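Fold and geometry: a report
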Amino acid sequence: MASRVSKIQRRKALHRKLQILKNLTNSKSAKKSCIIKDAFLYICNLKLQLEAITRQHHYLINNSQEVKVEKVGEKYLVIRVSCCKKKRQDLLVSILDAIEKLNLNVIQVRVEANYLFGLEAIVDANINGTDDQVVDVKDVNEAILNAINKCN
């Protein structure tokens, strides 16, 4: 009698698990073998989706970078850099060197280097702090991009 009760309980448990699989995979079949096959295909599809997302994530991490240089008023430039680079310290030094080579004075700089590298700097747009020569936004943008690429 006890074995018969345990068989019924096992059968009910199996039926519940098959119902969960059927609902999870949106299977239309009533046969156990078809439900299991649909679950297998569903898992394979999820695995392929995960691989595609992982590839896309790696691509974005290795290839995402953004540099924006804006003129604020007559005298200042705001430089914003965001990218995913592993050598963050080298990147910071490289960017600051590029700014120094342009003979620009950094007024303020803020750096974030947790998961992404982020830099926001306010610099004097006048070369060497004089009103005689003003640096071009495109030149600063190009110098920063070269500094980032140099760290690869």
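This text goes with the structure placed above it.
Reading the values: the criteria
- Position numbers for residues start from 1 in each chain and track the written sequence from start to end.
- Local features in this predicted model are restricted to residues whose pLDDT is 70 or higher, and side-chain atom pairs enter the listing and the counts only when it is 80 or higher, whereas totals over whole chains, interfaces and linings include all residues.
- Based on all heavy atoms of the structure, the side-chain values leave hydrogens and waters out of the count.
- Residues grouped as a nonpolar core are buried Ala, Val, Leu, Ile, Met, Phe, Trp, Tyr and Cys residues, joined through side-chain atoms within 4.5 Å.
- Buried residues are those whose accessible area, probed at 1.4 Å on protein chains only, stays under 20% of the maximum for their type, while exposed residues exceed 50% and partly exposed ones sit between those limits.
- Put simply, DSSP H or I for four residues or longer makes a helix, DSSP E for two residues or longer makes a strand, and each gets a number counted from the N terminus.
- By definition, residues are in contact when any of their heavy atoms lie within 4.5 Å.
- Here the rule is simple: two strands pair whenever DSSP picks up at least two bridges between them.
- To obtain an axis, a line is fitted to C-alpha atoms, over the contacting stretch when the element is a helix, and the angle between two such axes runs from 0 to 180 degrees between their N-to-C directions.
- Helix span, as expected, comes to 1.5 Å for every residue beyond the first.
- Patch definition: residues above 30% relative accessible area lacking any salt bridge, with like charges linked at up to 9 Å and the nonpolar side chains Val, Leu, Ile, Met, Phe, Trp and Tyr linked at up to 5 Å.
- Residue exposure ignores everything except the shown protein chains as possible cover, and the areas themselves are Shrake-Rupley values with a 1.4 Å probe.
- A carboxyl oxygen of Asp or Glu within 4 Å of a side-chain nitrogen of Lys or Arg is what we treat as a salt bridge.
- Asp and Glu are treated as the negative residues and Lys and Arg as the positive ones, with His and the ends of the chain left uncounted.
- Charge placement uses NZ in Lys and CZ in Arg. For Asp and Glu, CG and CD serve respectively.
- Throughout this description, a polar contact denotes any pair of N or O atoms lying within 3.5 Å of each other; where both atoms belong to protein, one of them has to be capable of donating a hydrogen while the other can accept it, and for residues adjacent in sequence the pair is counted only when both atoms sit in side chains.
- Taken from the helix axis, the directions to the C-beta atoms give the arc we talk about.

1. Some details on the nonpolar core
Counting residues in each nonpolar core, the largest one holds 24 residues, and the members touching the most others are Ile79, Val81, Ile95, Val140 and Ile144. Among the elements that line this core, the one with the most residues is helix H4 (residues 137-150), at five residues. Filtering out sequence-adjacent residues up to four positions away, Val140 remains in contact with Val69, Leu77, Ile79, Leu102, Leu104 and Val135.

2. With respect to the sheet that holds strand E4 (residues 117-124)
The antiparallel open sheet is built from four strands, whose spatial order is E1-E2-E4-E3. This sheet does not close on itself; its edge strands, each paired only once, are strand E1 (65-72) and strand E3 (105-113). Adjacent strand axes in the sheet meet at a mean angle of 10 degrees, parallel and antiparallel pairs treated alike. In the packing of H4 onto the sheet, contacts are made with E1 and strand E2 (76-83), and the angle to E1 comes to roughly 155 degrees.

3. Thoughts on helix H2 (residues 32-63)
Since the α-helix advances by 3.6 residues per turn, residues separated by three or four positions end up pointing in the same direction. The terminal C-alpha atoms of H2, which comprises 32 residues, lie 46 Å apart, in line with the 46 Å expected from a rise of 1.5 Å per residue. If you check which residues of H2 are buried, you get Ile35, Ala39 and Ile61.

4. Here's the deal with the pairing of E4
Counting buried positions over the eight residues of E4 gives six, a clear majority of the element. With eight bridges connecting them, E2 and E4 associate as antiparallel partners. Paired with Ser82 across the strands is Gly118, a residue of E4. Inspection of the sheet shows E3 paired to E4 by eight bridges, in the antiparallel sense. Following the sheet pairing, Arg110 is matched in E4 by Glu120. Counted along the chain from E3 to the antiparallel partner E4, the turn is three residues long.

5. What about a positive patch on the surface?
Together, Arg4, Lys7, Arg10, Arg11 and Lys32 line one region of the surface with positive charge. Here the positive patch takes four residues from helix H1 (residues 2-25), the largest share from any one element. Assignment of secondary structure puts Arg10 in helix H1. Judged by relative accessible area, Arg10 falls into the exposed class, the value being 55%.

6. Overview of the side chain of Ser27
Assignment of secondary structure puts Ser27 in the loop between H1 and H2. The buried category is assigned to Ser27, whose relative accessible area is 7%. A polar contact is formed between the side chain of Ser27 and the backbone nitrogen of Ser29, at a distance of 3.4 Å. Non-local contacts of Ser27, meaning those with residues more than four positions away in its chain, are made with Lys22, Cys34, Ile35 and Asp38.

7. A word on H4
With 14 residues, H4 extends 20 Å between its outermost C-alpha atoms, agreeing within 8% with the 20 Å of an ideal straight helix rising 1.5 Å per residue. What H4 keeps buried is the set Val140, Ala143, Ile144, Ala147 and Ile148. Burial along H4 is one-sided: seen end-on, the buried residues are contained in an arc of 135 degrees. The exposed residues of H4 that point more than 90 degrees off its buried face are Lys138, Glu142 and Lys150.

8. Some words on the pattern of salt bridges
Between side chains of opposite charge, a pair can form as their charged atoms come close. Under the criterion given, the structure shown has three salt bridges. Note that Lys68 is salt-bridged to Glu66, the shortest N-O span being 3.6 Å. Lys68 gets classed as partly exposed once you look at its relative accessible area, which sits at 42%. One salt bridge in this structure joins Arg80 and Glu70, with 3.1 Å as the shortest N-O distance. Remark: Glu70 occurs in strand E1 and Arg80 occurs in strand E2; sequence separation between them is ten residues. One salt-bridge network, in which partners are shared between bridges, spans Glu70, Arg80 and Glu120.

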